[in-house]
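Chain residues, written in single-letter form:
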Amino acid sequence: MASAPGLAMPSTTPQPLREYIHQSLPVDFTIPYSTSWLKSKTIVVTGGASGFGAGFCRDWAAAGANVFVGDINDHAGEALVQEVRKTTGNQNIHYIHCDVTDWDSQVGFFKKAVELSPNKGIDVVVANAGIATTDTFMIPTTQKNAEGEEVPRKPNLKIVDVNLLGVLYTAHLAFYHLPKNPDSSATLSPNPDPEKDARDRCLILVGSMASLCGIPGQAQYGVAKHGVLGLFRSLRSTSFALGVRLNMICPYFIDTPIVPALARSLLAGGAMGKPEDVIDAASRLVSDTRIRGRGLVVGPKVKVRPKEDGSGQMELVEKDEGKKDVQERAVWEACVDDFEQSDTFSRNFVGLLTAVTAARGWAGWAGDMLAAVRHAIVNRQLVKR
Ligand SMILES: NC(=O)c1ccc[n+]([C@@H]2O[C@H](COP(=O)([O-])OP(=O)(O)OC[C@H]3O[C@@H](n4cnc5c(N)ncnc54)[C@H](O)[C@@H]3O)[C@@H](O)[C@H]2O)c1
């Protein structure tokens, strides 16, 4: 894994290889970017009706992009489109029903997006749809077969279907449609200029912190999100050949509807990230055509500084008190080089969050527990309605 600014982990990728696959240098978060660079570009977002997807669609439509929201939640998708048209005045945002687990449904979604796009092409694809429901993988049940024997029942692998199969379909369709984008280039420019690059071929994969480490009780989610990381690592060394910029985001637990009350209660006292930081990280990757082949982890905003032991790892800063090299950040660069460094990153990151938990103490735990109970009550009421 390459170094985020301040993480100081030396890259093990030989320079000529990085250049050969057209991978850009680690992202410099101090360099500003602008979503205005997205004006008139056509963007498709799977799972765009809620959470991060809805946030992406709101911000990118506000910047003047043509946005296509694909989701199974028709009610939320239509409502989002009406809201965004009204608040931004941009009428080029559309909802199209799309079930990412269904190949034909995704084919139809992309086809409709091309047809309705003012420039008859797709500049950006965001493979975002996902679910995180209760995983019964470790709780086998049985059923009677035709002979009346008790046999293990076939497991429900819906989480893998949505989070991995769905992403594979989306990525495959991106490699079909992005190279057909009129006026975009089949060759990645050696000197990209995000202000002038009117057309693009950009694919964003939404993974998770679960792409980098296991989450107890969520085997399928871990399998699927590790699979997304595997896809990213595999594709990024060749996607340049089709002029496609490939990047990935790996959010930690972030406050969206996907995080169930149980997970919220298990996280109580710790730190949960904010959707706006994920939207910011994804907006940078989508807008800035200079960024290629990078993976960003997004977590809770923390104040950190380099450890004094020279290990290159970061430590939490509870009180500034004039300490040197303190920075506040929610976004980190990850999954760039190899597993050896990825594991080092995960250990350091989890260590930081454990330090946040200790710093917040019992008061933080109690506040989060109350919020988790309230979330459960509100959700039950919504379901009853
Ligand atoms: N929020 C987090 O803590 C977190 C952390 C890591 C990764 N992620 C990932 O971020 C992505 C977005 O999640 P979110 O947090 O915004 O959750 P969310 O539940 O708010 O949004 C997910 C969206 O995906 C849609 N969806 C579900 N199944 C679908 C299907 N078969 N076809 C099309 N759309 C479908 C849902 O209807 C919903 O609109 C997911 O891939 C999720 O795994 C979220």
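Refer to the structure above for everything that follows.
So, here's what we can say about the structure. Just so it is clear, the model here is predicted, and its values are computed rather than measured.

## Observations concerning the pattern of salt bridges
Next up, step 1: If you walk through the whole model with that rule in mind, you get 12 salt bridges.
Next up, step 2: Residue D200 is joined to R245 by a salt bridge in which the shortest nitrogen-to-oxygen separation is 2.8 Å. Here D200, found in the loop between α5 (158–177) and β7 (202–206), pairs with R245, found in strand β8 (residues 245–251); they are 45 residues apart in sequence, far enough to count as distant.
Next up, step 3: Note on D200: relative accessible area 6%, which makes it buried.
Next up, step 4: Exposure remark for R245: the relative accessible area of 1% places this residue in the buried category.

## Quick word on the layout of surface pockets
Next up, step 1: The space that makes up the second largest pocket amounts to roughly 430 Å³.
Next up, step 2: D255, A271, M272, R360 and D368 are, among the 19 residues lining the second largest pocket, the residues nearest its centre.
Next up, step 3: Of all the secondary structure elements, the ones that give two or more residues to the lining of the second largest pocket are α8 (275–287) and α9 (339–384).
Next up, step 4: Looking at which element gives the most residues to the lining of the second largest pocket, the answer is α9, with seven residues.
Next up, step 5: Each residue belonging to the lining of the second largest pocket can be placed in one class, and the counts come to seven nonpolar, three polar and nine charged.

## Points about the site of the ligand
Next up, step 1: Contacts to the ligand come from 29 residues, most closely from S50, D71, Y221, I254 and T256.
Next up, step 2: Contact between the ligand and F52: an oxygen atom at 2.8 Å from a main-chain N or O atom of the residue.
Next up, step 3: Bound to the protein, the ligand loses 94% of the 820 Å² it would expose on its own.
Next up, step 4: Mapped onto the shell around the ligand, the elements with two or more residues apiece are α2 (51–62) and α6 (219–235).
Next up, step 5: Broken down by class, the residue content of the shell around the ligand amounts to 17 nonpolar, nine polar and three charged.

## What about the nonpolar core?
Next up, step 1: Counting residues in each nonpolar core, the largest one holds 48 residues, and the members touching the most others are V44, V125, L203, L205, V297, W332 and F349.
Next up, step 2: Tallying contributions element by element places α5 first for this core, with seven residues.
Next up, step 3: Look past the residues within four positions of V44 in its chain and what remains in contact with it is F68, F109, F110, A113, I122, V124, V125 and V126.
Next up, step 4: Of all hydrophobic cores here, the second largest spans 36 residues; its members include F56, V126, C202 and V298.

## Some thoughts on empty space enclosed by the protein
Next up, step 1: Counting across every chain of the model gives one cavity of 30 Å³ or more.
Next up, step 2: In this model, the largest cavity occupies a volume close to 60 Å³.
Next up, step 3: Across the lining of the largest cavity, the residue classes tally to five nonpolar, four polar and three charged.

## A word on α5
Next up, step 1: Helix length check: α5, at 20 residues, gives a terminal C-alpha distance of 27 Å against a target of 28 Å (1.5 Å per residue), a fit within 8%.
Next up, step 2: In the structure, α5 departs most strongly from a straight axis at L165, where the bend amounts to approximately 25°.
Next up, step 3: Buried residues of α5: I159, V162, N163, L164, G166, V167, T170, A171, L173, A174, F175 and H177, and no others.
Next up, step 4: Along its buried surface, α5 packs onto β1 (42–46), α4 (103–116), β4 (124–127), β7 and α6.

About the thresholds
- Residues numbered from 1 in each chain as written.
- Predicted model: local features only at pLDDT ≥ 70, side-chain atom pairs only at ≥ 80, totals over all residues.
- Heavy atoms only, no water.
- Salt bridge = Lys/Arg side-chain N within 4 Å of Asp/Glu carboxyl O.
- Helix = DSSP H or I, 4+ residues; strand = E, 2+ residues; numbered from the N terminus.
- Buried < 20%, exposed > 50% of the residue type's maximum accessible area, 1.4 Å probe, protein only.
- 1 Å grid on protein atoms, 1.4 Å probe; cavity = no way out; pocket = protein on both sides within 12 Å on 5 of 7 lines; lining within 4 Å.
- Points joined across faces, edges and corners; volume = space filled by probe spheres on them.
- Nonpolar A, V, L, I, M, F, W, Y, C, P; charged D, E, K, R; others polar.
- Near = heavy atom within 4 Å.
- Polar contact = N/O pair within 3.5 Å; in protein donor to acceptor, adjacent residues only side chain to side chain.
- Areas by Shrake-Rupley, 256 points an atom, 1.4 Å probe, with all protein chains shown as cover.
- Core = buried A, V, L, I, M, F, W, Y, C linked by side-chain atoms within 4.5 Å.
- Contact = heavy atoms within 4.5 Å.
- Expected span 1.5 Å × (residues − 1).
- Bend = angle between axes of the 7 residues up to and from the residue.

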